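So you can see what is in the structure, the chains are spelled out below.
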Amino acid sequence: MKKNIVNFIKNIFPFLMVIILWRLQNHFWNPGGILAIIPIFYCSFVKQTKWFGLFAVLFCFLIDYNFDTKLFWTTVYCLSYSVNGFQNTIDLSGAQNNAIYPFMYFFGACVILLCIFHLNWTVLFRMLWVFSWCSLLYIPTTRLIKRVSYD
């Protein structure tokens, strides 16, 4: 019985992490629940989790809803997921530091696109802050997911 509960928690932890990070939205520290992108990226592209793709699409849509970005994150995620599914040359599961550099490229490209669409100084500094904050929290978040779910 105890082993079943532990296995259940291990299996559900990435999903719970996304829900918690999306729900703990704050105007400065977690605008629109954007920190949920970290486990979405990690569990979709680096350590692929069963049934996580549909869940990730739902939460990308919810992030879009909070940001009022009209399906931006959902579209970018679906395009990235489809490109990752068709290619077989890049293996993110073996990348160093839980694939932080591919995450920074993915997230940085999205931030640059958002800055281009809404170009002013306030948006530029806000996006620099969000990019820096998400990149800084990527390693601890992914290590926590890895420790709880995959060990």
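It should be noted that the structure appears before, not after, this text.
Residues numbered from 1 in each chain as written. Predicted model: local features only at pLDDT ≥ 70, side-chain atom pairs only at ≥ 80, totals over all residues. Heavy atoms only, no water.

**Q** Please explain unusual backbone geometry as it appears in this structure.
**A** Excluding glycine, a negative phi dihedral is what most residues carry, and trans is how most peptide bonds are arranged. Unlike most non-glycine residues, Trp51 shows phi in positive territory, near 65°. Summarising the element assignment, Trp51 is placed in the loop between α2 (37-46) and α3 (52-67). Positive phi is not limited to glycine here, since Asp68 has a value of about 60°. With respect to the element layout, Asp68 can be found in the loop between α3 and α4 (72-86). Residue classification places Asp68 among the exposed positions, given a relative accessible area of 60%. (Helix = DSSP H or I, 4+ residues; strand = E, 2+ residues; numbered from the N terminus. Buried < 20%, exposed > 50% of the residue type's maximum accessible area, 1.4 Å probe, protein only.)

**Q** Help me out: how do you make sense of the side chain of Asn30 in this one?
**A** Take Asn30: it is sitting in the loop between α1 (2-23) and α2. Exposure remark for Asn30: the relative accessible area of 3% places this residue in the buried category. Side-chain polar atoms of Asn30 contact the backbone oxygen of Leu21, separated by 2.6 Å. A polar atom in the side chain of Asn30 sits 3.1 Å from the backbone oxygen of Leu24. Ignoring anything within four residues of it in the chain, the contact list for Asn30 reads Leu21, Leu24, Gln25 and Leu35. (Polar contact = N/O pair within 3.5 Å; in protein donor to acceptor, adjacent residues only side chain to side chain. Contact = heavy atoms within 4.5 Å.)

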